[in-house]
Amino acid sequence: MDAIRIRGGRPLRGRVRVSGAKNAALPILCTTLLSAGESLLRNVPNLRDINTLAALLRFLGRETEVGEGTVRVHAETEPVRPEAPYELVKQMRASVLVLGPLLARFGRVKVSLPGGCAIGARPIDQHLKGLEAMGAHIELDRGYVIAKGPDASGGRLHGADFCFDIITVTGTENLMMAAALAKGRTTLLNCAREPEVEELAHVLNKMGARIQGAGSSQIRIEGVDELEPFDHAIVADRIEAGTFMVAAAATAGDVLVEGAPMEHLEGFVSKLRAAGCGVAREGDGVRVTRVGPLRPVDVTTAPYPGFPTDMQAQFMVLMCLAEGKSVITETIFENRFMHVSELARMGADIEVRGNTAIVHGVPTLSGASVMATDLRASASLVIAGLVATSHETDILRVYHLDRGYEHIEQKLAGLGADVERVTGAPL
Ligand code: EPU
């Protein structure tokens, strides 16, 4: 088992380039199923989640080649098997994004329910309700969703008006993909407005879909009979960018995060500035500097354009170092404070009350062996390790980081961090 070992206390300085966005690449890979031709994705990050989805596409019967920054999904040469087994879905919840495209195109699908995960129960009831509104017949059988189109033989979904009870990113994406090939018009209300939803709509429109309003809470989709394959370069990862921005701020450094999409980071940037950090656009990226002390700032996570839940853990590390008390409230997932007990082992002073963490700043953190059970919590521990002034930090269970951060140790080393990957660390 690998670990990331960090000897902290050095300010990060220099420039780092952001990779393509994981959470845009995953749904876009699933749209390849909406067309029989060969599609090419570029600027794809080299991540475990991308390999998991490529394995799922292969299982479904689509030859998929993962290259250096690219994924090529070859044209259909055999009938697609519209079935996503538990063994693959349990490795990554985003596998549920094949549900909409497979049902829309083949009129039937069997996909394992993803089950809960470390950060929360994460049901998919909204995905299923929306598909039912489009005429799908859905049964749950021994942990699988079995869905068929409106007619006995399967058949094509029809357009519908559907309002989400709760804002869901992958739910919005699944229904948008299904509606692209449905018969007639679909109007989706209370949609997720995340940039990744907009990016997916952009790719679907490149394929010949007729989608308007993505990026707002109301999306209108005029279904078409067929979609074309596509060639598309994935946008930069706003969460990876935000993670480097916090790392720069936490270590009192000066880092140009190249390619960081400032326009997608506003909710987070205003908090970073309020905490006393310098944040300025430079070239195609964002430069973050910090010279003075950190000020405490209260943060509440919210759907886009609010403060992203995927930045909550990292921002908490910054608040651990601020002079005074800050309150961090998590409203998206019910169990996303798993980094708290690990940060406490590094000297942080944090009290959790329900979905609120009250953070009392401390002068510094000290290194320890730590581990987390999800991706962003692991990223927060890396930042804590970069700050820690005494002892080295070993971040165990690195596979969580490898799901979402491409070459993280090389990128940090390029900014002057003393960081290495060690193999054979304990579990
Ligand atoms: N929810 C329901 N019913 C549903 C769907 C969602 O109750 O049918 C609830 C969830 O349990 C959660 C809330 O709605 O409490 C929001 O969940 P959402 O569906 O928006 O999350 P997701 O689509 O499963 C995506 C990202 C996550 C990110 C969230 C929130 C992908 C592949 N994943 O998940 O990314 O945290 O949106 O922004 O896009 C990560 O990258 O580390 C990550 C977890």
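Structure first, text after, so check above.
The model shown is predicted, which means the values in this text are computed figures rather than measured ones.

Quick notes on the rules
Residues numbered from 1 in each chain as written. Predicted model: local features only at pLDDT ≥ 70, side-chain atom pairs only at ≥ 80, totals over all residues. Heavy atoms only, no water. Salt bridge = Lys/Arg side-chain N within 4 Å of Asp/Glu carboxyl O. Helix = DSSP H or I, 4+ residues; strand = E, 2+ residues; numbered from the N terminus. Buried < 20%, exposed > 50% of the residue type's maximum accessible area, 1.4 Å probe, protein only. Near = heavy atom within 4 Å. Polar contact = N/O pair within 3.5 Å; in protein donor to acceptor, adjacent residues only side chain to side chain. Nonpolar A, V, L, I, M, F, W, Y, C, P; charged D, E, K, R; others polar. Contact = heavy atoms within 4.5 Å. Pairing = 2+ DSSP bridges. Axes fitted to C-alpha atoms, helices over the stretch in contact; angles between N-to-C directions. Parallel < 35°, antiparallel > 145°, perpendicular 65-115°, else oblique. Left-handed = near helix turned anticlockwise from the far one by under 90°.

Caption draft 1: Quick peek at the pattern of salt bridges. Within this structure, the stated rule accounts for 30 salt bridges. Between Glu392 and Arg7 there is a salt bridge; the shortest N-O distance is 2.9 Å. Pair noted here: Glu392 is in the loop between helix 12 (375–387) and strand 23 (393–396) and Arg7 is in strand 1 (residues 3–7), with a separation of 385 residues, a long-range link. Accessibility expressed as a relative area gives 34% for Arg7, which makes it partly exposed. A salt bridge links Glu258 to Arg15; the nearest nitrogen and oxygen atoms lie 2.9 Å apart. In this pair, Glu258 is assigned in strand 15 (residues 254–258) and Arg15 in strand 2 (residues 13–17), connecting sequence segments 243 residues apart. Under the relative-accessibility criterion, Glu258 is labelled buried at 17%. Look at Arg15 and you get exposed, because its relative accessible area is 56%.

Caption draft 2: View of the site of the ligand. Taken together, 21 residues are adjacent to the ligand, and Gln126, Thr168, Thr170, Asp310 and Ile332 come closest. Contact distances for the ligand include 3.3 Å between an oxygen atom and a backbone N or O atom of Pro123. Between the ligand and Thr168 there is a distance of 2.7 Å, counted from an oxygen atom to a side-chain nitrogen or oxygen. Secondary-structure elements contributing two or more residues to the shell around the ligand are helix 1 (22–31), helix 5 (125–133), helix 6 (169–180) and helix 12. The dominant element in the shell around the ligand, judged by the number of residues it contributes, is helix 5, at three residues. Tallied by class, residues from the shell around the ligand come to nine nonpolar, six polar and six charged.

Caption draft 3: Representation of the environment of Val169 within the structure. Structurally, the position occupied by Val169 is in helix 6. Its relative accessible area of 30% is what places Val169 among the partly exposed residues. For the pair Val169 and Arg193, spaced 24 residues apart in the sequence, the C-alpha separation amounts to 7.9 Å. Apart from residues lying up to four places away in sequence, Val169 is in contact with Ala192, Glu194 and Val197.

Caption draft 4: Spotlight on the sheet that holds strand 16 (residues 278–282). Taken together, the four strands give an open sheet; going across it, the order is 2-15-17-16, and neighbouring strands pair in mixed fashion. The sheet terminates laterally at strand 2 and strand 16, the two strands that pair on one side only. In this sheet, adjacent strand axes meet at a mean angle of 20° when their direction is disregarded. Here strand 16 pairs with strand 17 (residues 285–289) via five bridges, running antiparallel. The residue bridging Gly278 from the neighbouring strand is Thr289, located in strand 17.

Caption draft 5: Representation of the packing of helix 11 (residues 338–345) against helix 12 within the structure. One can describe the packing of helix 11 onto helix 12 by two numbers: an axis separation of 9 Å at closest approach and a directional angle of 20°. It follows from the interaxial angle that helix 11 and helix 12 lie roughly parallel. The interaxial crossing formed by helix 11 with helix 12 has right-handed handedness. Contacts from His339, Glu342 and Leu343 in helix 11 reach Ala377, Ser380, Leu381 and Ala384 in helix 12. Split into classes, the residues belonging to the contact of helix 11 with helix 12 amount to four nonpolar, two polar and one charged.

Caption draft 6: Highlighting the sheet that holds strand 4 (residues 64–66). Here four strands make up an open sheet; going across it, the order is 4-5-3-14 and the pairing mixed. The sheet is open, and its two edges are formed by strand 4 and strand 14 (231–233), each paired on a single side. The average undirected angle you get between the axes of adjacent strands in this sheet is 10°. Where strand 3 (residues 39–42) lies against strand 14, three bridges are found, and the strand directions are parallel. Residue pairing in the sheet places Leu40 in a bridge with Asp231 of strand 14. Across the sheet, helix 2 (residues 48–60) touches strand 4 and strand 5 (70–73), and the angle it forms with strand 4 is around 160°.

Caption draft 7: Quick look at the side chain of Thr187. Tracing the chain through its elements places Thr187 in strand 11 (residues 185–189). In this structure Thr187 comes out as buried when scored by relative accessible area, which is 13%.

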